[in-house]
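# Breakdown of the fold
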Amino acid sequence: MPEPADLIITQARCFTADPANPRAEAVAVRGNRIVCVGSAEEVDAWRGPHTRVVDGQGRTLMPGFIDSHFHLLSGSIELDNIQLSDVRTLDDLAAAVHDYADRRPDRLWLAGAGLPYQILPDDQPLTRHHLDAILADRPLIVFAYDAHTAWANTQALRRAHLLQAGKVVAPNSEIVLGPDGLASGELRESGASGPILDLIPEPSAADRRTLLRQGLRQAAEWGVTSVHNMDGDAEQLMLYAALEDLDELTLRVYVPYSVKPDTPIEALAEAAALREMHRSEMVRGGCVKFFMDGVIESYTALVLDDYADRPGHRGAANFSAEHFTQLATEADRLGLQIFVHAIGDAAVRRTLDGFQAAQRANGRPLAACRHRVEHIELIHPDDLPRFAELGVIASMQPLHAPLAASGSDVWPARVGSLRWDRSFAWRSLREAGARLVFGSDWPVVSQNPLRGVHAALNREPWQAGGVAQRLTLEDTLLAYTRAAAYAEFQEDRKGQLRVGMWADLVLLSADLFATSVETLDQVKPVMTVCDGRVVYEVIR
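Now for a description of the structure that goes with this document. Note that residues are indexed from 1 along each chain, following the sequence as it is written. For this predicted model, a pLDDT threshold of at least 70 governs which residues receive local features, and a threshold of 80 or more governs which side-chain atom pairs are given and counted, while totals over whole chains, interfaces and linings are taken from all residues. Computation of side-chain values: all heavy atoms of the structure, hydrogens and water removed.

The subject of this paragraph is the environment of Pro116. Strands are runs of DSSP state E lasting at least two residues, helices are runs of H or I lasting at least four, and both sets are numbered from the N terminus onward. Within the fold, Pro116 resides in the loop between β10 (110-115) and α4 (128-134). The spatial distance from the C-alpha of Pro116 to the C-alpha of Trp411 is 11 Å, given a sequence separation of 295 residues. Only heavy atoms enter the contact rule, under which two residues are in contact if any of them lie within 4.5 Å. Not counting the four nearest positions on each side in its chain, Pro116 is found in contact with Leu84, Val87, Arg88 and Tyr145.

What follows is the structure, given as structure tokens:
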């Protein structure tokens, strides 16, 4: 008889993500490993006097969700800001700001996050004057949901010396001017909003940890057991390591080294050192993150053809082709995995060109690199097969895609209907042979991966006769599990319910494969297990 398991979940509908054993009805866990996957009878052999046995009641048991694009620390810190994701009108914004300001009378600087781009009728732009009418005596800045655009009141602009025209900002950033020649209040990209952020006091170390614990609790609640962080440095990695030492880290985190346009090439050695600094089963480095361009919504994404609603403008890039290729080649030589934010089709092409040049220069096997393009909101058809040819991973976020071309989302109008069929082209990429992985980009959208699953399965063309990009349930779940593990070189350790794998799993409130696609977003985790430890449960 085998040594007894610590936990058995039985009578479930297991989606294992294991091609050799795709379905099962029970799983046994001992320590932090899966020791049996099979029938209820087979797994019951691992039951001992102290084994906890959970009745799955026919619900889906699957590998824990791996979020392939996440901002753990910054998203957690943002929880302390004004929450604006439910704002739809200027009155909503005013109510949210006043409620927060009244509860924080001692806080001088006020910041909000999650604002939709269009909350005024007739496509009117939000300005400092609107914000002054809401709050004029304290500096206020509110960020769009993607954090690439912000709007500030006059107090905030004046304190940061941004009100007067002529302020020089970083490339691909813009302080939008009003008819009076002064700053309108709209600030595009971090080069414009950064001077204000520099004035806002950072939370104390104790507050950062408190907020980080809150973010971790939310992730556990949604069944997320691993994240690929999309920003980082040595300080952030050691913060996660400290929580691991305290046994408070409830998910695994892959931490990159953030590379900016002014990062010297010699600094990439620091990224390689980060890989060696801390390599546990919960926290590790070994990757670098670039921002090639901005976003479609603020016209800062780099596109091949003019924006449909702004003729003569094609956005810009943070890195020239030569500069990116130089840095990517060195990062690849050092054995670092490369993540690149690339939203516009020209940015995607420039990134692929840089990866191709790096591989030619260094001669590394394609499977050894696994470089990634993040977002890929717009792609030219000629670049679809290059992902498979170069072994490059397509990392995308289903909740970023607007549900329809009409409505308040400005994205479809920016690119125009001629490019809709190659917008958020998940299925086209997969059919072209790309390895597709999914994530949320939290805090841009909800951490809840089941909302992402719902979006991937309910995707409809934006116009009659358009290309259908919706995926199957199985392919979508694989993009959150087995494929996501591959995308961080961990496919032999997680992402599947398989004997010997880490015990990262989630039990859901229903059988996903028996749930209508229209109601998938109503399914919720009832138990989350990470590293063999129950980190969330509502089972009674």
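Anyway, onward from the coordinates.
With that settled, the discussion passes to the sheet that holds strand β22 (residues 505-508). For two strands to count as paired, DSSP must find a minimum of two bridges between them. Spatially, 6 strands are ordered β3-β2-β7-β22-β23-β24 in an open sheet, and the strand pairing comes out mixed. One side of each edge strand has no neighbouring strand; the edge strands of this open sheet are β3 (23-24) and β24 (533-537). Where strand β2 (residues 13-15) lies against β3, 2 bridges are found, and the strand directions are antiparallel. Considered in β3, the bridge of Cys14 is made with Ala24.

On to helix α6 (residues 190-197), then. Within an α-helix, residues lying three or four positions from one another point in the same direction, as the helix has 3.6 residues per turn. Burial in α6 covers these residues: Gly191, Ala192, Ser193, Gly194 and Ile196. The inward-facing, buried residues of α6 contact β11 (140-144), β12 (149-152), α5 (154-159), β13 (174-177) and β14 (183-188). Under the scheme applied here, a residue whose accessible area is under 20% of the maximum for its type counts as buried, over 50% as exposed, and between as partly exposed, the area being computed with a 1.4 Å probe on protein chains only.

Moving on, we get to the packing of aromatic side chains. Each Phe, Tyr or Trp ring (for Trp, its six-membered ring) is paired with any other whose centre lies within 6.5 Å, and the angle between the two planes then decides the class: stacked below 30 degrees, edge-to-face above 60, tilted in between. Under the defined criterion, the tally for this structure stands at 16 aromatic pairs. On the basis of an interplanar angle of 75° and a centroid distance of 5.9 Å, the ring pair of Tyr254 and Phe339 is categorised as edge-to-face. Of this pair, Tyr254 sits in strand β16 (residues 252-258) while Phe339 sits in strand β18 (residues 337-342), and the two are 85 residues apart along the sequence. Residues Tyr254 and Phe339 agree in their burial class; the two are buried. Ring geometry for Phe324 versus Phe355: centroids 6.1 Å apart, planes at 55°, classification tilted. With Phe324 in helix α10 (residues 321-333) and Phe355 in helix α11 (residues 345-362), the pair connects residues that are 31 residues apart, well separated along the chain. Owing to a relative accessible area of 0%, Phe355 belongs among the buried residues under this scheme. Between Arg370 and the ring centre of Tyr486, over which it is positioned, the NZ or CZ distance is 3.7 Å. Charge-over-ring contacts are defined here by two conditions on Lys NZ or Arg CZ: a distance within 6 Å of the ring centre and an angle within 35 degrees of the ring normal. One Lys or Arg, Arg435, reaches over the ring of Tyr486 and ends 3.6 Å from the middle of that ring.

Turning next to the pairing of β22. Every regular strand shows the same layout, with side chains that alternate between the two sheet faces. Because side chains alternate across β22, one face comprises the buried residues Leu505 and Leu507, and the other comprises Val506 and Leu508, equally buried. Of the strand pairs in this sheet, strand β7 (residues 60-63) and β22 are connected by 3 bridges, and their pairing is antiparallel. When the bridges of β22 are listed, Pro63 appears paired with Leu505. Pairing geometry for β22 and strand β23 (residues 525-530), over 4 bridges, is antiparallel. Paired with Leu505 across the strands is Val529, a residue of β23.

A few words on the side chain of Gln236. Inspection of the secondary structure assignment puts Gln236 in helix α8 (residues 234-245). What Gln236 contacts, discounting residues up to four positions off in sequence, is Leu73, Asn229 and Asp231.

Before going further, it helps to examine the pairing of β24. When β23 meets β24, the two strands line up antiparallel, connected through 4 bridges. When the sheet's bridge partners are listed, Cys530 is paired in β24 with Arg533. Remark: 2 residues form the turn of the hairpin made by β23 and β24, two consecutive strands paired antiparallel; Asp531 in that turn has positive phi of roughly 60°.

By secondary structure assignment, the location of Asn32 is in the loop between β4 (26-30) and β5 (33-38). Sequence-wise, Asn32 and Asp6 are 26 residues apart; in three dimensions their C-alpha atoms are separated by 9.5 Å. Aside from chain neighbours lying at most four places away, what touches Asn32 is Glu281, Met501, Trp502, Ala503, Asp531 and Gly532. Reaching out from Asn32, the side chain makes a polar contact with the side chain of Asp531 at a distance of 3.0 Å. Polar contact is defined as a pair of N or O atoms within 3.5 Å, subject to the rule that within protein one atom must be able to donate a hydrogen and the other to accept it, and that residues adjacent in sequence are counted only when both atoms are side-chain atoms.

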